[in-house]
Amino acid sequence: MSEAAFTRSPVLKPIGVLGGTFDPIHYGHLRLAQQAAEQLTLQEVRFIPAGEPYHRAPGLASGTSGAHRTEMVRRAIGNNNLFRVDTRDLERGGATYTFDTLVGLRSELGNQVPIFVLLGADAFALLETWHRWRELFDLCHFGVAQRPGAELWRERVGGELAETLRVRERADAQQLSATPAGNVVTITMTPLEISATAIREQLSRGASPRYLLPDAVLEYIVANELYLEGSR
Ligand code: ATP
């Protein structure tokens with residue numbers, strides 16, 4: 001056996017990071033995490049609720065408290081021991097930048113373990129608007145899932161992000177587990193046309209979003225009277 005075989009570091013199973021407002025968490029998020037965990041052989045997926053205040057589309061009410069959003073994520077995860085909630089972005093306070101989240105994770109986990117930031121194609125298409133986006137490729141890989149309504153995202157991506165994709169995209173996700181950061185892979189996901197916006201809208205007009213999100217989350221929403229007209 002060569003000397004290198006003795007000194008090579010053990011293969012580290014990657015970590016998945018799913019950031020979101022989770023206002024509320026729904027089956028779109030959970031399926032994305034589940035399918036990414038299988039396809040990327042993740043050791044865990046961290047659900048990281050965005051800090052407050054976060055920005056919504058103009059005209060919509062301001063977001064639900066971090067405490068409520070965290071508790072809904074906790075209930076949605078239930079006893080899935082691959083999933084965990086990580087409240088670092090809420091604890092840091094101020095605007096949430098994925099760059100800061102990843103710097104924090106790297107200081108905790110080290111530079112060797114592969115980290116995959118998991119996100120829908122709608123979010124990835126806007127990557128160029130993210131704080132220090134080019135540097136993110138030094139900190140993580142991206143696992144991009146198709147999302148109904150965002151099928152044409154590649155056609156909308158131009159300029160530097162298109163070039164970044166051309167250089168960094170890889171077809172074989174398994175290969176990436178050998179490198180800590182720097183590439184983009186597609187996550188194959190059951191298309192689920194579910195959004196938190198639609199769920200909030202249904203609740204505010206008294207319709208039931210049942211079967212779009214876990215019952216445990218819906219029960220929490222009802223018990224705490226979230227998303228009713230004018231409530232927060
Ligand atoms: P909102 O409707 O309030 O904008 P959302 O449903 O998009 O919320 P977020 O918490 O903003 O949920 O999403 C977190 C991440 O999960 C984003 O990267 C988003 O693209 C992804 N995501 C959310 N819903 C789906 C879905 N149905 N299919 C695939 N990805 C999804």
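You'll find the structure just up there.
The following paragraphs examine the structure supplied in this document. (Residues numbered from 1 in each chain as written. Predicted model: local features only at pLDDT ≥ 70, side-chain atom pairs only at ≥ 80, totals over all residues. Heavy atoms only, no water.)

**Some points on the site of the ligand**
Here's step 1: Near the ligand, the surroundings consist of 21 residues, among which H26, D122, R147, A196 and T197 are the closest.
Here's step 2: H29 places a side-chain nitrogen or oxygen 2.9 Å from an oxygen atom of the ligand.
Here's step 3: With respect to the ligand, the side chain of D122 contributes an N or O atom lying 2.7 Å from an oxygen atom.
Here's step 4: Burial of the ligand by the protein chains amounts to 87% of its free accessible area of 600 Å².
Here's step 5: Elements with a contribution of two residues or more to the shell around the ligand: β1 (15-20), α2 (27-39), β4 (115-120), α6 (121-124) and α11 (196-204). (Near = heavy atom within 4 Å. Polar contact = N/O pair within 3.5 Å; in protein donor to acceptor, adjacent residues only side chain to side chain. Areas by Shrake-Rupley, 256 points an atom, 1.4 Å probe, with all protein chains shown as cover. Helix = DSSP H or I, 4+ residues; strand = E, 2+ residues; numbered from the N terminus.)

**With respect to the packing of helix α3 (residues 66-77) against helix α12 (residues 215-223)**
Here's step 1: α12 packs onto α3 with a crossing angle of 150° between their chain directions and a minimal axis gap of 8 Å. Compared by their axis directions, α3 and α12 come out roughly antiparallel. Relative to α12, the crossing made by α3 is right-handed. Touching H68, E71, M72, R75 and A76 of α3 are A216, V217, Y220 and I221, all from α12.
Here's step 2: Split into classes, the residues belonging to the contact of α3 with α12 amount to six nonpolar, one polar and two charged. (Axes fitted to C-alpha atoms, helices over the stretch in contact; angles between N-to-C directions. Parallel < 35°, antiparallel > 145°, perpendicular 65-115°, else oblique. Left-handed = near helix turned anticlockwise from the far one by under 90°. Contact = heavy atoms within 4.5 Å. Nonpolar A, V, L, I, M, F, W, Y, C, P; charged D, E, K, R; others polar.)

**Overview of the side chain of T70**
Here's step 1: Of note, T70 is situated in helix α3.
Here's step 2: Leaving out residues up to four positions away in the same chain, T70 has contacts with P49, V85, T87 and L90.

**Section: the pattern of salt bridges**
Here's step 1: For the structure on display, the rule yields 16 salt bridges.
Here's step 2: The residue R46 makes a salt bridge to D86 at a minimum N-O spacing of 2.9 Å. Of the two residues, R46 sits in strand β2 (residues 44-49) while D86 sits in the loop between β3 (83-85) and α4 (88-92), which places them 40 residues apart along the sequence. When sorted by exposure, R46 lands in the same class as D86, which is buried.
Here's step 3: D215 is the partner of R210 in a salt bridge, and the nearest nitrogen-oxygen pair spans 3.3 Å. (Salt bridge = Lys/Arg side-chain N within 4 Å of Asp/Glu carboxyl O. Buried < 20%, exposed > 50% of the residue type's maximum accessible area, 1.4 Å probe, protein only.)

**Quick look at the pairing of strand β5 (residues 141-145)**
Here's step 1: For β5, the buried fraction is high: five of the five residues fall into the buried class.
Here's step 2: Neither face of β5 is exposed, since H141, G143 and A145 on one face and F142 and V144 on the opposite face are all buried.
Here's step 3: Bridge analysis of β4 against β5 gives five bridges, and the strand direction is parallel. Of the residues in β5, the one forming a bridge with G120 is A145. (Pairing = 2+ DSSP bridges.)

**Thoughts on the environment of G19**
Here's step 1: Residue position: G19 is located in strand β1.
Here's step 2: Judged by relative accessible area, which is 47%, G19 ranks as partly exposed.
Here's step 3: Along the chain, G19 and R147 lie 128 residues apart, while their C-alpha atoms are 16 Å from each other.

**Remarks on the nonpolar core**
Here's step 1: Counting residues in hydrophobic clusters, the biggest one holds 36 residues, and the most contacted among them are I25, L40, V45 and F47.
Here's step 2: The element that contributes the greatest number of residues to this core is α2, accounting for five residues.
Here's step 3: The residues contacting F47, other than those within four sequence positions of it, are L18, F22, I25, H29, L30, A33, V73, I77, F83, R84, V85 and D86.
Here's step 4: Within the second largest apolar cluster, 26 residues are counted, among which are I15, F99, C140 and L165. (Core = buried A, V, L, I, M, F, W, Y, C linked by side-chain atoms within 4.5 Å.)

**Quick notes on the side chain of R200**
Here's step 1: Of note, R200 is situated in helix α11.
Here's step 2: Salt bridges are absent for the buried R200, whose nearest opposite-charge side chain, D23, sits at 4.3 Å.
Here's step 3: A polar side-chain atom of R200 sits 3.3 Å from a polar atom in the side chain of T197. (Lys, Arg positive; Asp, Glu negative; His and termini not counted.)

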